[in-house]
Amino acid sequence: MYDYLIVGAGLYGSTFAYEATKRGKKVLVIDKRNHVGGNIYCENIEGINVHKYGAHIFHTSDKEVWDYVNDIVEFNRYTNQPIANFNGEIYNLPFNMNTFNKLWGVITPEEAKLKIEEQKKQAGIEIPKNLEEQAISLVGTDIYEKLIKGYTEKQWGRSATELPAFIIRRLPVRFSYDNNYFNDLYQGIPIGGYNKIIEKMLEKCDVRLGVDFFEHKDELEKKAEKILFTGMIDEFYDYKFGVLEYRSLKFETEILNEENYQGNAVVNYTDRDTPYTRIIEHKHFEYGTQNKTVITKEYPADWKIGDEPYYPINNDRNDEMFAKYKELAVREDKYIFGGRLADYKYYDMHNVIRAALDKVKEAM
Ligand SMILES: Cc1cc2nc3c(=O)[nH]c(=O)nc-3n(C[C@H](O)[C@H](O)[C@H](O)COP(=O)(O)OP(=O)(O)OC[C@H]3O[C@@H](n4cnc5c(N)ncnc54)[C@H](O)[C@@H]3O)c2cc1C
């Protein structure tokens, strides 16, 4: 008999497991995948840590969470400075003085602000009716056309004039030459990859892989006093209120016989015709010096049950449906729910750790 059965060996389940074992609890962790780590799992290819479920950069301003992960593994000094490739023209992201200089030849923040204001005024949009109008009213036509339109249309699989304005509430515009994508105080990649964090967290647990909870529910329920479920909440309740929707991704990974393919970890393709949204060159996350390199092309994809659920679509329909599932979940005695799939929420890694630590305080 275990004190806790944890369904899902992702970062949420692993943080909870780590804290439980620190408190002397007996823990069994299961995952339907054949590896631990959930979406932060890295696969070693040619000595390079390949972020198998999408590029992951740890960034936070939460000092307690930063200290917490640094106690487990050392982080490098990686700073995310993505670039955009629009039909062969290269721009810095987020939109900053380097972007504005390349676009318009402006040099001072004052000149850049005037240019944006001029374009906003020319567009003459008072109440934006769709995403296109919203974006133009925030940053003007040039940035919209070259850096937002194609990328967003690929991401959502729809034309920007058919997408609702609320998807873009604000756009990061920075009137300095700082290329750092994040505003957080701390940022980096674990030296040796993310698997090191998870391995340490699960060190004192029993772990069973390739086990789908729903296929062995009756037997597994008898194994533990309490169960933490970090899978999809609608699946848990057999979709009785309907299916919560997601956007998915498809990844195409290649090993290349060259040392350095694109000179940066993240390059976004912002034109409409290139079918993928980004190319990730994994070695640059860890300053790799291997002779070869590994790149991954990322394609946005529609989602249906059975596909990997990546981004929750938090519109009114789905949020109302989630609220109904949540109402059932809070009344459960034996079950605790948490993580991005049970909370139907996009969480960054630091949010996941914070949420799991808070849940542990509540539970133990
Ligand atoms: C493309 C992408 C890029 C991202 N980049 C960043 C980034 O740069 N920085 C950042 O901070 N965050 C990033 N994130 C967010 C990060 O991935 C999440 O915060 C984190 O992985 C969530 O952990 P989790 O444990 O909640 O979920 P998951 O990692 O999804 O873990 C849930 C686990 O439960 C298992 N499971 C589900 N159902 C069952 C079942 N029935 N039986 C058994 N096991 C089951 C799954 O197999 C999975 O392993 C990104 C997310 C995406 C989608």
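Here the structure is a predicted model, which means the values were calculated and not measured.

So, the site of the ligand
Lining the immediate environment of the ligand, one finds 31 residues, of which D31, H56, R340, Y347 and M349 sit closest. Taking D31, its side chain carries an N or O atom lying 2.6 Å from an oxygen atom of the ligand. Contact distances for the ligand include 3.0 Å between a nitrogen atom and a backbone N or O atom of F213. Contributing elements (two or more residues each) for the shell around the ligand: α1 (11-22) and α11 (349-363). Looking at side-chain class alone, the shell around the ligand contains 17 nonpolar, 8 polar and 6 charged residues.

Some remarks on helix α5 (residues 131-139)
The buried count for α5 comes to 7 of 9 residues, which makes it a mostly enclosed element. Looking at the packing, one finds that the buried side of α5 touches α4 (109-123) and α6 (141-156). Where α5 starts, the residue carrying a side-chain oxygen 3.1 Å from the main-chain nitrogen of E132 turns out to be N130. Once α5 ends, the next one or two residues include G140, with phi positive near 85°.

Concerning the pairing of strand β13 (residues 278-281)
Of the two faces of β13, the one lined by R278 and I280 and the one lined by I279 and E281 are each fully buried. As defined by bridge partners, strand β12 (residues 266-269) adjoins β13 across 3 bridges and the pair is classed as antiparallel. Note on β13: the bridge partner recorded for N268 is R278. Sheet topology note: the β13/strand β14 (residues 293-301) ladder contains 4 bridges and is antiparallel. Looking at β14, one finds that R278 is bridged to E298.

Re the environment of E145
Tracing the chain through its elements places E145 in helix α6. Exposure remark for E145: the relative accessible area of 41% places this residue in the partly exposed category. Separated by 15 residues in the primary sequence, E145 and A160 place their C-alpha atoms 11 Å from one another.

Here's the deal with the sheet that holds strand β10 (residues 224-229)
With parallel pairing, the 5 strands of this open sheet are ordered in space as β9-β2-β1-β10-β16. Strands at the two margins of the open sheet, each flanked by one partner only, are β9 (206-209) and β16 (335-337). Going from strand to strand, the sheet's axes swing by 20° on average, the running direction of each strand aside.

A word on the environment of N70
Within the secondary structure, N70 sits in helix α2 (residues 63-72). With 127 residues separating them in the primary sequence, N70 and I197 have C-alpha atoms 9.4 Å apart. At a separation of 2.7 Å, a polar atom in the side chain of N70 contacts the main-chain carbonyl oxygen of W66.

Remarks on the packing of aromatic side chains
All told, the structure shown has 31 aromatic pairs when counted by the stated rule. Seen in terms of ring centroids, W66 and F75 are 4.9 Å apart; in terms of plane orientation they differ by 55°. Their pairing is tilted. The residues W66 and F75 share a single accessibility class, namely buried. One aromatic cluster is present, built from ring pairs that chain together F213, F214, F229, F236, Y237, F241, Y325, Y335 and F337. Positioned over the ring face of Y18 is K22, at 4.4 Å from the centre of the ring. The aromatic ring of F175 is capped on one face by K113, whose charged end is 5.0 Å from the ring centroid.

Here we look at the packing of helix α3 (residues 97-104) against α4
Their axes nearest at 10 Å, the elements α3 and α4 cross at an angle of 65°. By the angle between their axes, α3 is roughly perpendicular relative to α4. Remark: the crossing between α3 and α4 carries left-handed chirality. For the pair α3 and α4, contact is made by M97, F100 and W104 and by P109, A112, K115, I116 and Q119, respectively. Residue classes in the contact of α3 with α4 are distributed as 6 nonpolar, 1 polar and 1 charged.

Topic: the sheet that holds β13
Sheet strands associate in pairs through backbone hydrogen bonding, adopting either a parallel or an antiparallel arrangement. Pairing in this open sheet of 7 strands is mixed, and the strands run β7-β6-β12-β13-β14-β11-β15 from one edge to the other. This sheet does not close on itself; its edge strands, each paired only once, are β7 (89-92) and β15 (311-312).

A closer look at α1
End to end, α1 covers 16 Å across 12 residues, agreeing with the expected 16 Å (1.5 Å per residue, within 8%). Of all the 12 residues making up α1, 11 are buried; the element is thus mostly covered by neighbouring parts of the structure. Turning to α1, its buried residues number three or more, namely L11, Y12, G13, S14, T15, F16, A17, Y18, E19, A20 and T21. Phi turns positive, to about 80°, at G24, one or two residues after α1.

Examining the pairing of β7
Remark: a regular strand shows side chains that alternate across the two faces of the sheet. The pairing of strand β6 (residues 83-86) with β7 spans 4 bridges and is antiparallel. Within β7, the position partnered with N85 by the bridge is I90. Here β6 hands over to β7 after 2 residues, with N87 in that stretch at a positive phi of 50°.

Cut-offs and rules
Residues numbered from 1 in each chain as written. Predicted model: local features only at pLDDT ≥ 70, side-chain atom pairs only at ≥ 80, totals over all residues. Heavy atoms only, no water. Near = heavy atom within 4 Å. Polar contact = N/O pair within 3.5 Å; in protein donor to acceptor, adjacent residues only side chain to side chain. Helix = DSSP H or I, 4+ residues; strand = E, 2+ residues; numbered from the N terminus. Nonpolar A, V, L, I, M, F, W, Y, C, P; charged D, E, K, R; others polar. Buried < 20%, exposed > 50% of the residue type's maximum accessible area, 1.4 Å probe, protein only. Contact = heavy atoms within 4.5 Å. Pairing = 2+ DSSP bridges. Axes fitted to C-alpha atoms, helices over the stretch in contact; angles between N-to-C directions. Phe/Tyr/Trp six-rings, centres within 6.5 Å; stacked < 30°, edge-to-face > 60°. Lys NZ or Arg CZ within 6 Å of the ring centre and 35° of its normal. Parallel < 35°, antiparallel > 145°, perpendicular 65-115°, else oblique. Left-handed = near helix turned anticlockwise from the far one by under 90°. Expected span 1.5 Å × (residues − 1).

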